[in-house]
Protein chains: 2
Amino acid sequence: MQFSKSTDYALHALLHLGHSERRSNIGIKELSTTLGVSESYLSKIMSKLRQDGIVRAVPGVNGGYELSRPADQITFLDVIQVIEGRQQLFECSNTNSQQHRSLAEEGVVQQDHECSGKSECLVEQVMNGAEQQLHQYLQEHTIQSVLDMAFKCSNHEANKKE
Amino acid sequence: MQFSKSTDYALHALLHLGHSERRSNIGIKELSTTLGVSESYLSKIMSKLRQDGIVRAVPGVNGGYELSRPADQITFLDVIQVIEGRQQLFECSNTNSQQHRSLAEEGVVQQDHECSGKSECLVEQVMNGAEQQLHQYLQEHTIQSVLDMAFKCSNHEANKKE
DNA sequence: TCATTATGGATCTTCAATGTCCACAATATA
DNA sequence: TATATTGTGGACATTGAAGATCCATAATGA
Ligand code: SF4
Ligand code: SF4
């Protein structure tokens, strides 16, 4: 269970865009050189990011990509969900097993009673709870927050040298 | 990014073992029937669980599996780590890119200074932080805790009928 | 000894992730 | 308008991990 390389690339591409906000368009060539990833593959990823409204793209001379909203409004969760998809961390594939039926009788699988509003089994409840923890954390961290921390550290370094 | 089916199977197998603590050995046949998964495949999974000390196995007549420690000491994290492995959620594969070098200069990649004790880049810090949140949650939930909740709910149901 | 049960190696299939290539559309500029 | 530039998306190849099966072997109890 790991994030894909594409997610890695997407995050780094966005960091580069966020870092270079002055010039408004960054071409795939520059991104490719910077990240050390082929243009072909990276362009697929950028395309996905565009389809989900994370970046804007303009073709033609002097075209390229730019963030479509401020870097502090692009969370890690946003990026991950675009690239990895939005399926749940855990999706049971056994709902017609003998065990599922017998667990259902005992209440492990919640149906409509007041023990829990959701019609979600207890195993899924644990897993979805875990997923929520993860999502919450990832939502609190943005492209900008990484850039900010870098800036702080870099200042700190500079001060030390005086 | 999803948990594998094997993890699903492992959790359910352990739930079955935890639920049937009376009889001390549950064979692969019973598990296979209960979960609706082939004996061959399930036995691989059980083997892994044994190698990591989650279950005990005894071959021969009347052999089978049993939990090697109380169900309340088997956390979801334990099981997931056995099956999915212990690699990190995020492992950067770009440490020799041009971008990495320039980020390193700015402090995004921490080395040994006091801005952060670890020699870990800021991107990895975010990702590892997220992973820790996830792990913490998964560590708080055990095979027993699911069985307990089921029991409570089932009691609740029974009371309603009186 | 013998039937039973778990183990581990070999092997097969499937499928998503990774990666490349190319024809085409959109754009700025001369 | 003509042209060079740049992103888009479809097709396709490669790779490796997940999922799954089979079988020879080892361990055990009766
Ligand atoms: S109890 Fe939950 S996790 Fe288990 S088989 Fe049923 S739905 Fe799936
Ligand atoms: S900055 Fe961190 S995540 Fe980015 S390339 Fe360097 S080590 Fe990897």
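See above for the structure.
The paragraphs below set out a description of the structure included in this document. It should be emphasised that the depicted structure is a prediction, and the values quoted were computed from it without experimental measurement. (Residues numbered from 1 in each chain as written. Chains lettered and ligands numbered in written order. Predicted model: local features only at pLDDT ≥ 70, side-chain atom pairs only at ≥ 80, totals over all residues. Heavy atoms only, no water.)

## Considering the overall build of chain A
For clarity, the threshold we go by: Numbered from the N terminus, helices here are DSSP runs of H or I no shorter than four residues, and strands are runs of E no shorter than two. Contacts between residues were defined by any pair of non-hydrogen atoms, one from each residue, lying within 4.5 Å. For every accessible area listed, the method is Shrake-Rupley and the probe measures 1.4 Å; residues are considered covered only by the protein chains on display.
Counting its regular elements, chain A contains 7 helices and 2 strands. Of all intrachain contacts in chain A linking residues separated by at least 6 positions in sequence, the fraction that spans at least 24 positions is 59%. As presented, chain A carries roughly 8300 Å² of accessible surface, and 45% of it is formed by carbon and sulfur atoms.

## Digging into the protein's contact with DNA strand D
The following threshold applies: The nearness test applies per residue and asks whether one of its heavy atoms lies within 4 Å of the molecule or strand. Here a polar contact means two N or O atoms within 3.5 Å. Within protein one must be a hydrogen donor candidate and the other an acceptor candidate, and residues neighboring in sequence count only if both atoms are side-chain atoms. When residue character is reported, Ala, Val, Leu, Ile, Met, Phe, Trp, Tyr, Cys and Pro are called nonpolar, Asp, Glu, Lys and Arg charged, and the others, Gly included, polar.
Near DNA strand D, the surroundings consist of 27 residues, among which Lys 44, Arg 50 and Tyr 65 of chain A together with Lys 5 and Ser 38 of chain B are the closest. For DNA strand D, the backbone portion of the atoms within 4 Å of the protein, that is sugar and phosphate, comes to 62%. Take Lys 44 of chain A: an N or O atom from its side chain is 2.4 Å from a base oxygen of DNA strand D. Elements represented by at least two residues in the surface near DNA strand D include exactly α2 (28-35), α3 (39-51), β1 (55-58) and β2 (64-67) of chain A together with α1 (5-19) and α3 (39-51) of chain B. Considering every element that reaches the surface near DNA strand D, the biggest residue donor is α3 of chain A, with 4 residues. Looking at the surface near DNA strand D residue by residue, the class counts come to 10 nonpolar, 12 polar and 5 charged.

## Things to note about the site of ligand 1
Lining the immediate surroundings of ligand 1 are Cys 92, Asn 94, Thr 95, His 100, Leu 103, Val 109, Cys 121 and Val 123 of chain A together with His 12 of chain B. The environment around ligand 1 is built from residues contributed by chains A and B. Each residue belonging to the shell around ligand 1 can be placed in one class, and the counts come to 5 nonpolar, 4 polar and no charged.

## Digging into the pattern of salt bridges
Residue and element names in this part refer to chain A. The criterion, for reference: For this analysis, a salt bridge means a side-chain nitrogen from Lys or Arg found within 4 Å of a carboxyl oxygen belonging to Asp or Glu. Each residue gets one of three labels from its accessible area relative to the maximum for its type: buried under 20%, exposed over 50%, partly exposed in between, using a 1.4 Å probe on protein chains only.
On inspection of all chains with the given rule, the structure shows 6 salt bridges over all chains. The salt bridge partner of Glu 66 is Arg 56, with a shortest N-O separation of 3.4 Å. Taken as a pair, Glu 66 in strand β2 and Arg 56 in strand β1 lie far apart in primary sequence, 10 residues in all. Under the relative-accessibility criterion, Glu 66 is labelled partly exposed at 23%. A residue is classified by how much of its surface remains accessible, and Arg 56, at 44% relative accessible area, is partly exposed.

## Some words on the relation of the copies chain B and chain A
Taken together, a rotation about one axis and a shift along it account for how the two chain copies relate. Spelled out, the test is: What sets the superposition is a least-squares fit of C-alpha atoms, and only residues with pLDDT of at least 70 in both copies go into it.
Mapping chain B onto chain A calls for a rotation angle of 180° and an axial translation of 0.0 Å; the resulting RMSD is 0.1 Å. Expressed as a symmetry operation, the mapping of one chain copy onto the other fits a two-fold axis. Across chain B, the smallest distance between a C-alpha and the rotation axis is recorded for Leu 134 of chain B, namely 2.7 Å.

## Observations concerning the layout of surface pockets
To keep it simple, the criterion reads: Cavities and pockets are found on a 1 Å grid laid over the protein atoms alone: a cavity is a set of points where a 1.4 Å probe fits but cannot escape, a pocket is an open set with protein on both sides within 12 Å along at least five of seven lines, and a lining residue has an atom within 4 Å of such a point. Grid points are joined across faces, edges and corners, and a volume is the space filled by probe spheres set on the points.
In this model, the second largest pocket occupies a volume close to 150 Å³. What lines the second largest pocket is a set of 15 residues, among which Met 1 of chain A together with Gly 85, Gln 87, Glu 131 and His 135 of chain B lie closest to the centre. Elements supplying a minimum of two residues to the lining of the second largest pocket: α4 (76-84) and α6 (122-139) of chain B. For the lining of the second largest pocket, the class distribution of residues is 7 nonpolar, 5 polar and 3 charged.

## Regarding empty space enclosed by the protein
Taken as a whole, this structure holds 1 cavity of 30 Å³ or more when the rule is applied. By volume, the largest cavity amounts to about 140 Å³. Forming the walls of the largest cavity are 14 residues, and the residues nearest its centre are Gly 85, Gln 87, Glu 131 and His 135 of chain A together with Met 1 of chain B. Mapped by element, the contributors of at least two residues to the lining of the largest cavity are α4 (76-84) and α6 (122-139) of chain A. A class-by-class count of the residues in the lining of the largest cavity yields 7 nonpolar, 4 polar and 3 charged.

## A word on the packing of α1 of chain B against α3 of chain B
All names here are of chain B. Counted only if it meets this: To define axes, lines are fitted to C-alpha atoms, for helices over the stretch in contact only, and angles between the resulting N-to-C directions are given on a 0 to 180 degree scale. Should an angle fall under 35 degrees it is taken as roughly parallel, and over 145 as roughly antiparallel, whereas 65 to 115 is taken as roughly perpendicular and any remaining angle as oblique.
Two numbers describe how α1 lies on α3: the axes approach to 10 Å, and their chain directions differ by 75°. One finds that α1 runs roughly perpendicular with respect to α3. Contacts between α1 and α3 pair Ser 6, Tyr 9, Ala 10, Ala 13, Leu 14 and Leu 17 from the former with Tyr 41, Leu 42, Ile 45, Met 46 and Leu 49 from the latter. Tallied by class, residues from the contact of α1 with α3 come to 10 nonpolar, 1 polar and no charged.

## So, the site of ligand 2
Around ligand 2 sit His 12 of chain A together with Cys 92, Asn 94, Thr 95, His 100, Leu 103, Val 109, Cys 121 and Val 123 of chain B, and those are all the residues in its vicinity. Proximal residues around ligand 2 fall on chains A and B, making this an inter-chain site. Across the shell around ligand 2, the residue classes tally to 5 nonpolar, 4 polar and no charged.

## Things to note about the interface of chain B and chain A
Our working rule: Buried area adds together the accessible area that both of two parts lose upon being put together, with accessible area traced by a 1.4 Å probe.
Across the contact, 57 residues belong to chain B and 57 residues belong to chain A. Together chain B and chain A conceal approximately 5600 Å² of surface at their shared face, both sides included; 66% is due to carbon and sulfur atoms. Where chain B packs against chain A, one counts 0 salt bridges. Applying the counting rule to chain B against chain A returns 14 residue pairs in polar contact (both at pLDDT 80 or more). Here the element with the most residues in the side of chain B that touches chain A is α6 of chain B; it accounts for 12 residues.

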